[in-house]
Amino acid sequence: MRALIHESFGEAEDVLAPQERPTPEPGPGQVRIKVLLSPIHNHDLWTVRGTYGFVPELPARSGTEAVGTVDALGDGVTHLTVGQRVATGGTFGAWAEYIVADAAGLIPVPDGLPDESAAQLVSMPFSTIALLHFLDVAEGDWIVQNAANGAVGRMLAQLGAARGVNVIGLVRRTEGVDELRDQGIVNVIATDQDDWRDQVEALTGGASITAGVDSVGGPASGDVLSLLGEGGTLVAFGAMNSPVMEIASGDVIFKQAVVKGFWGSKVTQQLDADTKSGLFRELIQRVVDGTLTLPVAGVFDADDVADAVRLSKTPGRVGKVLLRF
């Protein structure tokens, strides 16, 4: 079978190449999946670069999420059938024609969900809805996030609105406000405007902001923290611009603020089965009814992975880049 392999760490467009590998056989409790589509995530590129929390041994496979059809069943698997569509978000080596995964961790894909949405359902969308759960906010509460025009930012705004949570999105450019409003996301403020803090105050009507999500790092972390009310929580979700969070000790002390990190894979492992199932049901329903949109920037054959990675790295890209196997 064909799989994307890197013999050394580096930029994915330089080091990834298709190679022939033995087709895997499922063991007890596992299934073999014929991969249809697999998305390119930032954490996949960081892993290929060797800079992520998980560093594979070389030569290494790549990719972590996919949608496909069940191709073979291992012993003891009774709840899935050959030919059934499933999604996986935690199978390392997903950029291949065939993968083996634990049957218990797979998500059956309903008929109403297209492959392009199912391929990207688990990793970022589920991390986003898990983040919303992690924030422990209720209907009517206010939260604020930066990088609002990123994939997670767009999804958090849509999922929050569906739950009645008020989400303020911060973007760095005034142009970004119109881009999001075109998608129906209206509580957006550009920090390149001198009065952006006044705009936040006007938007909330003076209501306390319960939680903030920082995906940028650097001074932007402090900007989010400064907007929180007393007892607010600042969650570090990413570090797009800087690995260092620059926050004022006065804000932490006098707001009695809590600062904590969110790593999706760890948080997901800690969710009980009922909570996880409920979040997946909500997520699938939001995609099917159009409340949550999962745009696609492009679909590439796996042999053209270098072009796919270049598009994935393009600033201002809207939607995921998918690989076809």
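Above: the structure in question.
Residues numbered from 1 in each chain as written. Predicted model: local features only at pLDDT ≥ 70, side-chain atom pairs only at ≥ 80, totals over all residues. Heavy atoms only, no water.

An account of the overall build of the chain is requested, with residue identities and associated values reported.
Counting secondary structure elements, the chain contains 12 helices and 15 strands. Relative to its length of 325 residues, the chain is compact, with a C-alpha radius of gyration of 20 Å against a globular reference of 20 Å. Taken over the C-alpha atoms alone, the chain extends approximately 60 × 40 × 35 Å along its principal axes. Expressed as a percentage of the 325 residues in the chain, the buried residues total 50%. Long-range pairs, those at least 24 residues apart, make up 68% of the contacts in the chain between residues at least 6 apart in sequence. (Helix = DSSP H or I, 4+ residues; strand = E, 2+ residues; numbered from the N terminus. Rg over C-alpha atoms; globule rule 2.2 N^0.38 Å. Buried < 20%, exposed > 50% of the residue type's maximum accessible area, 1.4 Å probe, protein only. Contact = heavy atoms within 4.5 Å.)

Account for the pattern of salt bridges, with residues named and values stated.
In total, this model carries 14 salt bridges according to the counting rule given. Across the salt bridge formed by arginine 173 and glutamate 179, the nearest N and O atoms sit 3.8 Å from each other. On the accessibility criterion, glutamate 179 (34% relative accessible area) is partly exposed. One continuous salt-bridge network, built from bridges that share partners, spans Glu11, Glu13, Arg49 and Lys313. (Salt bridge = Lys/Arg side-chain N within 4 Å of Asp/Glu carboxyl O.)

Lay out the side chain of serine 221 in plain terms, naming residues and giving numbers.
Position of serine 221 relative to the elements: it lies in helix α8 (residues 219-227). Residue class for serine 221 comes out buried when judged on its relative accessible area of 0%. In this structure serine 221 touches Asp214, Leu234, Met245, Glu246 and Ile247, once residues within four positions along its chain are discounted.

Kindly report on empty space enclosed by the protein, identifying the contributing residues and their values.
Any space left empty among the atoms is revealed by the rolling of a water-sized probe across them. Considering all chains together, one arrives at two cavities of 30 Å³ or more under this definition. As for the largest cavity, its lining consists of Gln145, Ala148, Gly153, Ala157, Val167, Ile168, Gly169, Leu180, Ile185, Asn187 and Val188. Elements with a minimum of two residues in the lining of the largest cavity: α5 (151-162) and β9 (166-171). For the lining of the largest cavity, the leading source of residues is β9, giving three residues. When its residues are assigned to classes, the lining of the largest cavity shows seven nonpolar, four polar and no charged. (1 Å grid on protein atoms, 1.4 Å probe; cavity = no way out; pocket = protein on both sides within 12 Å on 5 of 7 lines; lining within 4 Å. Points joined across faces, edges and corners; volume = space filled by probe spheres on them. Nonpolar A, V, L, I, M, F, W, Y, C, P; charged D, E, K, R; others polar.)

An account of helix α6 (residues 174-181) is needed here, citing residue identities and associated values.
Residues of α6 that are buried: Gly176, Val177 and Leu180. Considered in projection along α6, the buried side chains sweep an arc of 110° and stay on one side of the axis. Here the buried face of α6 lies against α5, β9 and β10 (188-190). (Arc of directions from axis to C-beta.)

Can you explain the pairing of strand β13 (residues 258-261)? Please cite residues and give values.
Across a regular strand the side chains alternate sides, sitting on one face of the sheet and then on the other. Of the pairings in the sheet, the one linking strand β12 (residues 233-236) to β13 comprises four bridges and is parallel in character. Across the sheet, the residue bridging to valine 235 is lysine 260, located in β13. One crossover worth recording links β12 to the parallel β13 by way of helix α9 (residues 249-254), and it is right-handed. (Pairing = 2+ DSSP bridges. Right-handed = clockwise from strand over helix to strand, strands pointing away.)

Report on the packing of helix α7 (residues 196-204) against α8, specifying residues and quantitative values.
The interhelical angle for the contact between α7 and α8, taken along N-to-C directions, is 35°, at an axis separation of 11 Å. Handedness of the α7/α8 crossing: right-handed. Packed against α7, whose contacting residues are Trp196, Arg197 and Val200, the element α8 presents Asp223, Ser226 and Leu227 at the interface. Looking at the contact of α7 with α8 residue by residue, the classes come out as three nonpolar, one polar and two charged. (Axes fitted to C-alpha atoms, helices over the stretch in contact; angles between N-to-C directions. Left-handed = near helix turned anticlockwise from the far one by under 90°.)

Explain a nonpolar patch on the surface to me, and be specific about the residues and the numbers.
Residues Phe9, Val55 and Leu58 make up a contiguous nonpolar surface patch of roughly 230 Å² in combined accessible area. Take valine 55: its relative accessible area is 46%, and that puts it in the partly exposed class. (Patch = residues over 30% accessible without salt bridge, like charges linked within 9 Å, V, L, I, M, F, W, Y side chains within 5 Å. Areas by Shrake-Rupley, 256 points an atom, 1.4 Å probe, with all protein chains shown as cover.)

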